[in-house]
Amino acid sequence: MRDTLVFLLIAALGTCRAQYEDDRRPPYEAEAGRGRHGHRSQHPEYVRVEVELLKMSNEGAIDHKNAYCDLNGNACDPVVLASLDTEHSFKEWPGPSDPAFWSEVFRVDNTNSPTLNKLLTKDSCGRPFRSAVARVIAEDLDHWDARTLINHWQCPVTKALVAGSRDAAQWSGPLPCISRYRPVEGKDVITLTFRYKAYQIAPGECQSNPTSTLRPGAVTMTTRTTRPPTSSRKTV
Ligand SMILES: [Ca+2]
Ligand SMILES: [Ca+2]
């Protein structure tokens, strides 16, 4: 009888301990084992995010202050800079990195509404992935004058679509980036669209260094190392 009581007491203590340890497990760890389709995932803290900038629209040929890009009424000459951030997506514009070091991903003359189709890729390594954001700047470039700002955008990525593998990853639908400036009576007349996908990768594949790369076969990207400081630019 005494042995039976001791056995039952030990069994009860074991159950309590298991329950206690389960309660202490972070919610993220509890949910991390399941991917989007319920498949067991292997590396929930190693995530690759791909953002494709799709199309910029600026039919009014204007800059962020509602002035024409060109004095003679010709179309804008946009240069597009971008940065993909997987760590500080809620930080205020421009986020943690100086736009002077962002990558130039696109440039064209006399085109108000260019199709961009430019891919940005960034890995989140060894930490719970929560969200990401692509920050984008479009400037009008005239060879005889300083650049003028067309608009800033933020293109948000949530973890809702994180797939268990590259093969299981699917593109989001086309989404609007959030414009910082609305130069015409508050209307969103200079717009940018994007799409994204995100998926788990093996720890050995993860590159935590900042990267912004173009899709293979696309126009060669210029990686900026220096640009004139803002204070030296002419204002128009
Ligand atoms: Ca221009
Ligand atoms: Ca022009």
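Every value quoted in this text rests on a predicted model; they were computed, and no experiment measured them. (Residues numbered from 1 in each chain as written. Chains lettered and ligands numbered in written order. Predicted model: local features only at pLDDT ≥ 70, side-chain atom pairs only at ≥ 80, totals over all residues.)

Novice: Before we go on, may I ask you to explain the overall build of the protein chain in this structure?
Specialist: Helix and strand content of the protein chain: two helices and nine strands. Beginning at the N terminus, the succession of helices and strands in the protein chain can be written as α-α-β-β-β-β-β-β-β-β-β. In the protein chain, which comprises 236 residues, the share counted as buried stands at 26%. Excluding contacts between residues fewer than 6 apart, the proportion of contacts in the protein chain whose partners are at least 24 apart in sequence is 76%. (Helix = DSSP H or I, 4+ residues; strand = E, 2+ residues; numbered from the N terminus. Buried ≥ 20, exposed ≤ 12 C-beta atoms within 10 Å, placed from the backbone. Contact = placed C-beta atoms within 7 Å.)

Novice: Would you explain the sheet that holds strand β4 (residues 115–125) in this entry?
Specialist: Paired through backbone hydrogen bonds, the strands of a sheet run either parallel or antiparallel to each other. With respect to topology, four strands assemble into an open sheet ordered β4-β1-β9-β7, the strand pairing being antiparallel. The outermost strands of the open sheet, each flanked by one partner alone, are β4 and β7 (175–176). Where strand β1 (residues 46–57) and β4 come together, nine bridges link them in antiparallel fashion. The residue of β4 that forms the bridge with lysine 55 is threonine 115. (Pairing = 2+ DSSP bridges.)

Novice: Explain the pairing of strand β2 (residues 78–85) to me, please; I cannot follow it from the model alone.
Specialist: For a regular strand, the rule is simple: side chains alternate between the two faces of the sheet. The element β2 is largely enclosed, with a buried count of seven among its eight residues. Strand direction decides the pairing type here: β2 and strand β5 (residues 131–140), joined by eight bridges, are antiparallel. Note that in β5 the partner of valine 80 across the bridge is alanine 138. With four bridges connecting them, β2 and strand β3 (residues 103–107) associate as antiparallel partners. Pairing of valine 79 across the sheet is with arginine 107, part of β3.

Novice: Looking at this structure, I do not really get the sheet that holds β3. What am I missing?
Specialist: Read across the sheet, five strands follow the order β3-β2-β5-β6-β8 without closing on themselves; strand pairing throughout is antiparallel. Across the chains shown, the open sheet's two edge strands, defined by having one partner strand only, are β3 and β8 (178–179).

Novice: So what exactly am I meant to see when it comes to the environment of aspartate 188 here?
Specialist: Examined against the element boundaries, aspartate 188 turns out to sit in the loop between β8 and β9 (191–200). For aspartate 188, a count of 14 C-beta atoms within 10 Å corresponds to the partly exposed category. Taking the C-alpha atoms as reference, aspartate 188 lies 9.1 Å from isoleucine 178; in sequence the two are 10 residues apart. Among residues more than four places away in sequence, those in contact with aspartate 188 are Ser179 and Arg182.

Novice: How should I be thinking about unusual backbone geometry in this particular structure?
Specialist: Excluding glycine, a negative phi dihedral is what most residues carry, and trans is how most peptide bonds are arranged. Look at the link from tryptophan 93 to proline 94: it is a cis peptide, with omega at 5°. Backbone geometry at alanine 61 places phi at a positive 55°, although glycine is not the residue there.

Novice: Help me understand the nonpolar core in this model?
Specialist: When a protein is soluble and globular, its nonpolar side chains tend to lie buried together. Core analysis: the biggest nonpolar cluster contains 38 residues, and Val51, Ala82, Ala134 and Val136 have the highest contact counts within it. Going through the elements one at a time, β1, β2, β3, β4, β5, β6 (148–158) and β9 are the ones with two or more residues in this core. (Core = buried A, V, L, I, M, F, W, Y, C linked by C-beta atoms within 7 Å.)

Novice: Is there a simple way to think about the confidence of the model for the protein chain in this case?
Specialist: Detailed conclusions should not be drawn from predicted coordinates in areas where pLDDT is low. Looking at the protein chain as a whole, the pLDDT averages 79, with 71% of positions reaching at least 70. Predicted confidence for residues 4–38 stays below pLDDT 50, and this span has 16 contacts to residues more than four positions away or in other chains. Note on residues 211–236: pLDDT under 50 across the span, and 33 contacts to partners over four residues away in sequence or across chains. (pLDDT = per-residue confidence, 0-100.)

Novice: How should the environment of serine 83 be read in this particular structure?
Specialist: Tracing the backbone shows serine 83 in strand β2. Overall, the presence of 23 C-beta atoms within 10 Å leaves serine 83 in the buried class. Taking the C-alpha atoms as reference points, serine 83 and threonine 121, 38 residues apart in sequence, are found 9.5 Å from one another.

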